[in-house]
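Listed below are the residues making up each chain.
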Amino acid sequence: MGSIRAIGFRARLWAALCAGALALSGCGSGTDAVAQGGTFEFVSPDGQLEIHYPEEERKPVAELAGPDLLDPDQTIGLADYKGEVVILNTWGQWCGPCRTEVDDLQRLHEEFESQGATVLGINVRDPNRDKPVDFVRDNGLTYPSIWDPSNAAVGALRGFPTSIVPTTLVLDRQHRVAAVYLAAVTDYQLRDVIAELVADDESATP
């Protein structure tokens, strides 16, 4: 099973969420986020909010796509980033922790974009598109986001807890899940993970 690193206060936070009104499906059961049928499928990991997978245990996510937040007549998705490391982040303009992590995600996007990595946001539970669009512009975000008010795109991440926002999945160049974070992230927290994926994939390229 993938190596799991827990941080005490985060584990306590997870326990509180499980006991609270969010009531995640499968909360507190299972031992890890696992892959079934060859495709990544999430299973609640017994209080862990940060999970890492060695290469031999990684599984790809199902294809996911949806309307571009800034131009809903256009569709964007993982297929547009073939061969790239993708930092897949769910967020909402109404979400306090999303506001704290957005500058970190933008810095990561700027730092690693030239190395073949991108942040791809999934904007959830924002039926009024004007509000998340204003959020993107006010914060100077240059990475793309899928507009997903009905959770149609997030649904492709089978079993993933849509009631927890923000969440982040780091995908390698084959779009296999290398790490999962079920809380707000920082650039410091993700930088080494992304750098390792970029370096590993580059060194493996013939």
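The residue numbering used here restarts from 1 in each chain and proceeds along that chain's sequence as written. Reporting of local features is limited, given that this is a predicted model, to residues whose pLDDT is at least 70; pairs of side-chain atoms are given and counted only at 80 or more, and all residues count toward the totals for whole chains, interfaces and linings. In computing side-chain values, all of the structure's heavy atoms are included and hydrogens and water are not.

All right, on to the pairing of strand β8 (residues 145-148) then. Each residue is assigned to one of three classes by its accessible area relative to the maximum for its type, calculated with a 1.4 Å probe on protein chains only: buried under 20%, partly exposed between the two thresholds, exposed over 50%. A run of H or I in DSSP becomes a helix once it reaches four residues, and a run of E becomes a strand once it reaches two; helices and strands are each numbered from the N terminus. Going residue by residue along β8, you find S145 and W147 tucked away on one face and I146 and D148 tucked away on the opposite face as well. Whether two strands pair depends on DSSP finding at least two bridges between them. Examined bridge by bridge, strand β7 (residues 117-124) and β8 share four bridges and lie parallel to one another. Paired with G121 across the two strands is S145, which belongs to β8. Looking down the strands as they point away from you, a crossover is right-handed if its path from the first strand over the helix to the second goes clockwise. With respect to chirality, the unit in which β7 leads through helix α3 (residues 130-138) into the neighbouring parallel β8 is right-handed.

On to α3, then. Listed as buried for α3 are P132, V133, F135 and V136. For α3, the buried positions fall inside an angular range of 155° around the axis, keeping them on one side. In α3, those exposed residues whose orientation departs by more than 90 degrees from the buried face are R137 and D138. Contacts: residue pairs with any heavy atoms within 4.5 Å of one another. Residues of α3 that are buried in the fold lie against β6 (85-91), α2 (96-112) and β7. What the arc describes is the spread of directions from the helix axis to the C-beta atoms.

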